[in-house]
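Architecture at a glance
Residues per chain are reported as follows:
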Amino acid sequence: MVYLDYNASTPVDPRILPGMIEAFDSFGNPSSLHHRAGQMAAELIEEARGRVAQLVGRPAQNVIFTSGASEAAALALLGSMLGAQNRPNIVVSSTEHKAILEAAELGARLSGGQVRYVRVDRNGVLDLNEFQRVADFSVSVVAVMAANNETGVLGPLSEVANIAKRQGALVLVDATQLVGKGSLAEVSAVADLFVISSHKIYGPKGAGALVADRHTQKLLVPVASGGGQERGLRGGTQNTPAIVGFGLAAELALKEQTSDTARMNALVEKLLAKLRGGLDEFVVNGAGVPKLCNTLNVRFVGADAEAVMASMSDVEVSAGSACQSAVSMPSHVLLAMGMTGHEASESLRISLGRPTTEDDVIHASRSISAAVTRVREMASDY
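This one's a predicted model, so the numbers in the text were calculated from it and none came from an experiment. (Residues numbered from 1 in each chain as written. Predicted model: local features only at pLDDT ≥ 70, side-chain atom pairs only at ≥ 80, totals over all residues. Heavy atoms only, no water.)

**Remarks on the overall build of the protein**
We count it as follows: Strands are runs of DSSP state E lasting at least two residues, helices are runs of H or I lasting at least four, and both sets are numbered from the N terminus onward. Restricting the calculation to C-alpha atoms gives the radius of gyration, and the globule rule supplies 2.2 Å times the number of residues raised to the power 0.38. Remark: exposure states derive from per-residue accessible area (1.4 Å probe, protein chains only) relative to the maximum for the residue type, with buried under 20%, exposed over 50%, and partly exposed in between.
Along the backbone of the protein there are 13 helices and twelve strands. Taking 382 residues into account, the globule formula puts the C-alpha radius of gyration at 21 Å, and the protein, at 21 Å, falls close to it. Taken over the C-alpha atoms alone, the protein extends approximately 70 × 50 × 35 Å along its principal axes. Counting only residues that meet the buried cut, the protein has 57% of its 382 residues in that class.

**Considering the packing of aromatic side chains**
Formally: Centres within 6.5 Å make a pair out of two Phe, Tyr or Trp rings, where for Trp the six-membered ring is used; the pair is then stacked when the planes are under 30 degrees apart, edge-to-face when over 60, and tilted otherwise.
One pass over the full model with this rule turns up four aromatic pairs. Ring geometry for Phe 65 versus Phe 246: centroids 6.0 Å apart, planes at 65°, classification edge-to-face. Within this pair, whereas Phe 65 is found in strand E2 (residues 63-66), its partner Phe 246 is found in helix H9 (residues 240-278), the two being separated by 181 residues in sequence. Given the relative accessible area of 2%, Phe 65 is considered buried. We classify Phe 246 as buried; its relative accessible area is 0%. Taking 5.9 Å as the distance between ring centres and 40° as the angle between the ring planes, the aromatic pair formed by Phe 282 and Phe 300 counts as tilted. In this pair, Phe 282 sits in strand E9 (residues 282-284) while Phe 300 sits in strand E10 (residues 295-300), placing the two residues 18 residues apart along the sequence. Every member of this aromatic cluster is reached through a ring pair, and the members are Tyr 3, Tyr 6 and Tyr 202.

**Re the sheet that holds E10**
For clarity, the cut-off: Strands are labelled as partners when DSSP assigns at least two bridges between them. All axes here are fitted lines through C-alpha atoms, helices being fitted over the stretch that makes contact, and every angle between N-to-C directions spans 0 to 180 degrees. Any two residues having at least one pair of non-hydrogen atoms within 4.5 Å are treated as being in contact.
Taking strand neighbours across the sheet as the criterion, the three strands line up as E9-E10-E12 in an open arrangement whose pairing is antiparallel. The sheet is open, and its two borders are formed by E9 and strand E12 (347-351), each paired with just one other strand. Across the sheet, the mean angle separating the axes of adjacent strands is 25° when strand polarity is ignored. Judged from the five bridges that link them, E10 and E12 form a sheet pairing that is antiparallel. Paired with Val 298 across the two strands is Leu 348, which belongs to E12. Together, E9, E10 and E12 form the strand contacts of H9, whose direction differs from that of E10 by roughly 15°.

**Considering the nonpolar core**
Stated precisely, the cut-off is as follows: Here, nonpolar core refers to any group of buried Ala, Val, Leu, Ile, Met, Phe, Trp, Tyr and Cys residues whose side-chain atoms link them within 4.5 Å. The start and end points of each domain follow an automatic or database-based domain assignment.
With 59 residues, the main nonpolar core has Phe 65, Phe 131, Val 142, Val 173 and Val 187 as its most contacted residues. The element contributing the most residues to this core is H9, with nine residues. Both domains that furnish three or more residues to this core are identified here as domain 1 (2-7 + 257-381) and domain 2 (14-252). Judged by nonpolar contacts, the second largest core, of 31 residues, contains Val 298, Val 317, Leu 352 and Ile 368.

**Looking at helix H4 (residues 98-111)**
This is how it is decided: How far a helix is expected to stretch is found by multiplying one less than its residue total by 1.5 Å.
Counted at 1.5 Å a residue, the expected span for H4 with its 14 residues is 20 Å, and the 20 Å between its end C-alpha atoms agrees. Considered for burial, the residues of H4 that qualify are Ala 99, Ile 100, Leu 101, Ala 103, Ala 104, Gly 107 and Ala 108. Taken together, the buried residues of H4 touch helix H3 (69-83), strand E3 (89-93), strand E4 (115-118), strand E5 (139-145), strand E6 (170-174) and helix H11 (332-336). Residue Gly 112 follows H4 closely and has a positive phi angle near 75°.

**So, the side chain of Ser 369**
Inspection of the secondary structure puts Ser 369 in helix H13 (residues 358-380). Leaving out residues up to four positions away in the same chain, Ser 369 has contacts with Leu 275, Gly 278 and Leu 279.

**Points about the sheet that holds strand E7 (residues 193-197)**
Overall, mixed pairing links the seven strands, which are arranged E2-E8-E7-E6-E5-E3-E4 in an open sheet. Strands at the two margins of the open sheet, each flanked by one partner only, are E2 and E4. Averaged over all pairs of adjacent strands, the angle between their axes in this sheet comes to 20°, without regard to strand direction. In this structure, E7 lies alongside strand E8 (residues 208-212), joined through five bridges in antiparallel fashion. Residue Ser 197 lies in a different strand from E8, and its bridge partner there is Gly 208. Sheet contacts for H3: E2, E3, E5, E6, E7 and E8; angle to E7, the most-contacted strand, approximately 160°. Here H4 sits on the sheet and contacts E3, E4, E5 and E6; the angle it forms with E3, its principal contact strand, is near 165°.

**Let's talk about the domain arrangement of the protein**
Counted only if it meets this: Values labelled buried area give the accessible surface lost by two parts on being combined, using a 1.4 Å probe and summing over both. Take a side-chain nitrogen of Lys or Arg and a carboxyl oxygen of Asp or Glu: if they are within 4 Å of each other, that pair is a salt bridge.
For the protein, the assigned domains read domain 1 (2-7 + 257-381) and domain 2 (14-252). Between the C-alpha centres of domain 1 and domain 2 there is a distance of 28 Å. Every contact between the two is made by 31 residues of domain 1 and, on the other side, 30 residues of domain 2. A buried area of about 2600 Å², summed over both sides, lies between domain 1 and domain 2, and 52% of it is on carbon and sulfur atoms. Summed over the three residues of domain 1 that lose the most area to domain 2, namely Leu 292, Met 337 and Arg 354, the buried surface amounts to 25% of that side. Between domain 1 and domain 2 we count zero salt bridges in total.

In structure tokens:
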């Protein structure tokens, strides 16, 4: 089986498992600092915080641990909206992840404001002219992806931040897909808040982070209150083994990012060349603009994506975001890019990862080509 859905989730890197297993021995509550068991757990969490901070290029006190990027995004959006006064509106790209879009809608309802959606062009690039028009002084926060999870298209972060900050709005960046696959220097430089997740960088599920400086943290209203954990912003006892795994995965990501990126760029180019050699009538969605090194979103004209996936038993890809796979609806990202529902339904997302080999790419190209051909032939019989 060839797994090519790394944008949905990654396997835990075997090199971090020993550290996670050892962390299970530190069973104490990290908030129970009056005894050694709690102190040991707290020390492990702070070591992990330091590792994540190194990866994102911020001080350790800027890292707030959560259960994942979705929770971190909810804290960023709801927390900033609840803390804002006389600025009830939010601006988001129409191709944001559903976690951002739904949190924005909830935040707007709670604040009595509205969500202002900004169009993208046929390649999925944000319309900066429209963004500038809707980002006025009534907006408390704007959200923009560093890299789209379905197409891999990179966002114009600096341009968005310049417009937003002239209006006094906070800038939230979803860096979930970029982390480990590209530099976070621009994200760290322009974002007031940004979110990342452990299971996208070969760490365990159930751990993520909101990154914000101390000033921005003070502007947030906690969404999950509790015992004052995570600088009072995220109540609840921390998951020590998952956080330890997140920290170790962050350390590996920082060390291997350059080599991983170069290798995946080469493998994506090889996969694309192999597909072009075996098939006609396919379109790369988001072609011609900067994208993630590992992501290929392709429309195979005349072949329904669900049927193609059902026709392959040896390659695992997706037809869009994992968070939408249970809903039989076309990708909102591809629809926002101007595709019809039918065109979007013919599109597959292929995303490579650290374990992907050249043999995997060759095998996958043959299997995908054969499946597309079968589906097209079946469709022509009706």
